[in-house]
Amino acid sequence: MPRRASNLQHNDNSPLDPRAEVLLAALIKEHLVTGEAVGSRVLSDRFSHGYGWSPATIRNVMGNLEEAGFVDQPHTSAGRVPTDKGYRYYVDNMLGEARLSRGDLKAIDHLFAAHDIDASSSPDRLMETASHVLSALSQNVGIVISPSLAENRLKHIEFVQLPDKRILVVLVSLSGIIHNKVIRVADEFSQDELDRTASYLNVEFHGKSLVAIRSEIVELMKEEKALYDRLLQNAVLLCEQSLAGEETTGEVYVDGASNILTKPDFDDIERMRDLFRMFEEKSRLIKILNECVHEAATYPGDVHVTIGREHLASSMRDCALITAPYRVGSNESIGTLGVVGPMRIEYARIMAMVNYMARLIEQRLGEQTAR
């Protein structure tokens, strides 16, 4: 026997009553368009005739959706708005596989062409442009994080001697991404020693990550004949210093932060300031995006959606974050891109956009790796 609407019960894993699901979807779609609280009368006009649901039934279902935490009534005399729980249910249960419209696909091609991005463009220009495209099309904040130094596979490495026991590490990955990092060492190195160490790494470990290189060298040094090999000692020391703090970091490209200012959804000035500070702090931003990408529950195409109070960072509690990893070659996750906006965001469209852009970056970086 079907459940009565007045007895609506729900936990996070169970489906809603079909009538409640239809009304929740209608309320969310209306709110996404208007940004206004949606009254029962609007829903009654839509469903009382075709579905035969009385206004009293609709009010009753809406009241139970509110009691279950899917919608909220900002003011007693106003209509209702979706909560983060309501949006979560909508994303998990009511969105089919979204595809980008022809208009969006044309706009992406146009924006890449306007920035002269083609197969020969450098990876940093590609990722910078990708963040701009995400921002421009979503009218929110576009973010791209490049692969970390630790994860990149070596094409070429150089060590350049600097004053005060500092060394400039220049690593070019197989995908053409260039990392520059200044490290500080306890011992003095001559430029000749640095050149010989770099040459050894380039010849013996081409195509391997610094993490794998360090591990292999440590294994070599366990052999008695290599125990006192100065070259191996230098190589492992320089690899370790280069990797220090790099396991989760990469370059960050943020575009469109000012779009937040145009959103009426953000009315908490202090939280908005904190959000802007987060966009400026590379480590916080990377940590938040990496948490999303490494969550166990992922969506089709690896797209991940975090909504409202699901965020650990208080500055993101009014936001939706839609992310996807991009990979090159070995199917290993090497970078992340995403869109940050209010919870009232075009979920289906932005999820499709983020997924498409991740695959596009993979394709472009894969072409450069193959060259």
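Scroll up to find the structure.
Residues numbered from 1 in each chain as written. Predicted model: local features only at pLDDT ≥ 70, side-chain atom pairs only at ≥ 80, totals over all residues. Heavy atoms only, no water.

> Outline the packing of aromatic side chains, supporting the account with residue identities and numerical values.
Overall, the coordinates contain four aromatic pairs when judged by the stated rule. Geometrically, the ring pair formed by F70 and Y89 is edge-to-face, given 5.7 Å between the ring centres and 85° between the ring planes. Of this pair, F70 sits in the loop between α3 (55–67) and β1 (71–72) while Y89 sits in helix α4 (residues 84–93), and the two are 19 residues apart along the sequence. Its relative accessible area of 1% is what places F70 among the buried residues. Cation over ring: R19 sits above W53, and NZ or CZ is 5.9 Å from the ring centre. Sitting above the plane of the F112 ring, R364 keeps its charged end 5.4 Å from the centroid. (Phe/Tyr/Trp six-rings, centres within 6.5 Å; stacked < 30°, edge-to-face > 60°. Helix = DSSP H or I, 4+ residues; strand = E, 2+ residues; numbered from the N terminus. Buried < 20%, exposed > 50% of the residue type's maximum accessible area, 1.4 Å probe, protein only. Lys NZ or Arg CZ within 6 Å of the ring centre and 35° of its normal.)

> Help me get a handle on the packing of helix α8 (residues 210–221) against helix α9 (residues 230–243), residues and values and all.
It is the contact of α8 with α9, at a shortest axis distance of 9 Å, that shows an interaxial angle of 150°. Taken together, the axes of α8 and α9 are roughly antiparallel relative to one another. When you trace α8 past α9, the crossing you get is left-handed. Residues L210, V211, I213, R214, I217, V218, L220 and M221 of α8 lie in contact with α9, whose contacting residues are L232, Q233, A235, V236, C239, E240, S242 and L243. Of the residues assigned to the contact of α8 with α9, the class counts are twelve nonpolar, two polar and two charged. (Axes fitted to C-alpha atoms, helices over the stretch in contact; angles between N-to-C directions. Parallel < 35°, antiparallel > 145°, perpendicular 65-115°, else oblique. Left-handed = near helix turned anticlockwise from the far one by under 90°. Contact = heavy atoms within 4.5 Å. Nonpolar A, V, L, I, M, F, W, Y, C, P; charged D, E, K, R; others polar.)

> Outline helix α6 (residues 123–138), supporting the account with residue identities and numerical values.
Taking 1.5 Å of rise per residue, 16 residues should cover 22 Å, and α6 covers 22 Å from first to last C-alpha, within 8% of that figure. Within the sequence span of α6, burial applies to P123, L126, M127, T129, A130, S131, V133, L134, S135, L137 and S138. Positive phi shows up at Q139, right after α6, with a value of about 60°. (Expected span 1.5 Å × (residues − 1).)

> Please provide a residue-by-residue account of the side chain of S44, values included.
The topology assignment puts S44 in helix α2 (residues 40–47). Residue classification places S44 among the buried positions, given a relative accessible area of 7%. Once residues within four sequence positions are removed from consideration, S44 is found in contact with P55 and I58.

> Now, about the sheet that holds strand β6 (residues 178–184): what can you tell me, with residues and values included?
The sheet built from three strands is open, its strands ordered β4-β5-β6 with antiparallel pairing. A strand with exactly one partner marks an edge of an open sheet, and here the two such strands are β4 (154–162) and β6. The sheet shows a mean angle of 20° between the axes of neighbouring strands, direction not considered. Sheet topology places β4 next to strand β5 (residues 166–173); eight bridges connect them, and they run antiparallel. Bridge pairing links Q161 to I167 in β5. Where helix α7 (residues 191–204) meets the sheet, it contacts β4 and β5, and its direction lies at approximately 170° from that of β4. (Pairing = 2+ DSSP bridges.)

> If you had to explain the pattern of salt bridges to someone new, which residues and values would you point to?
Per the counting criterion, the structure on display carries ten salt bridges. Among the salt bridges present, the one from E66 reaches R80, with a minimum N-O distance of 2.8 Å. In this pair, E66 sits in helix α3 while R80 sits in the loop between β1 and β2 (81–82), placing the two residues 14 residues apart along the sequence. Residue class for R80 comes out buried when judged on its relative accessible area of 13%. Here E362 ties to R359 by a salt bridge, and the two come within 3.0 Å at their closest N and O atoms. (Salt bridge = Lys/Arg side-chain N within 4 Å of Asp/Glu carboxyl O.)

> Can you explain the pairing of strand β8 (residues 304–307)? Please cite residues and give values.
Every second residue of β8 is oriented toward a common face, with H304 and T306 on one face and V305 and I307 on the other, all of them buried. Inspection of the sheet shows β8 paired to strand β9 (residues 319–327) by four bridges, in the antiparallel sense. Residue pairing in the sheet places I307 in a bridge with A320 of β9.

> Tell me about the nonpolar core, residues and numbers included.
Of all hydrophobic cores here, the largest spans 60 residues; its most connected members are L65, V144, I322, Y326, L337, Y347 and M357. Apart from the residues within four sequence positions on either side, I322 is in contact with V303, H304, V305, L337, G338, V339, I345, Y347, I350, M351 and V354. Ranked by size, the runner-up nonpolar core spans 24 residues in total, among them F159, L171, A198 and I213. (Core = buried A, V, L, I, M, F, W, Y, C linked by side-chain atoms within 4.5 Å.)

> Can you tell me about unusual backbone geometry, naming the residues and giving the values?
Positive phi is not limited to glycine here, since Q139 has a value of about 60°. Along the chain, Q139 turns up in the loop between α6 and β3 (141–145). Of note, D164 is a non-glycine position whose phi angle comes to about 60°, a positive value. In this structure, D164 sits in the loop between β4 and β5. Classification of D164 by relative accessible area gives exposed; the value is 58%.

> Residue-level account of the environment of H156, with values.
Along the chain, the position of H156 falls in strand β4. A relative accessible area of 33% means that H156 is categorised as partly exposed. As a C-alpha pair, H156 and G207 span 51 residues in sequence and 9.0 Å in three-dimensional space. Among residues more than four places away in sequence, those in contact with H156 are V170, L171, V172 and N202. Within the structure, H156 has its side chain in polar contact with the side chain of E158 (distance 3.2 Å). (Polar contact = N/O pair within 3.5 Å; in protein donor to acceptor, adjacent residues only side chain to side chain.)

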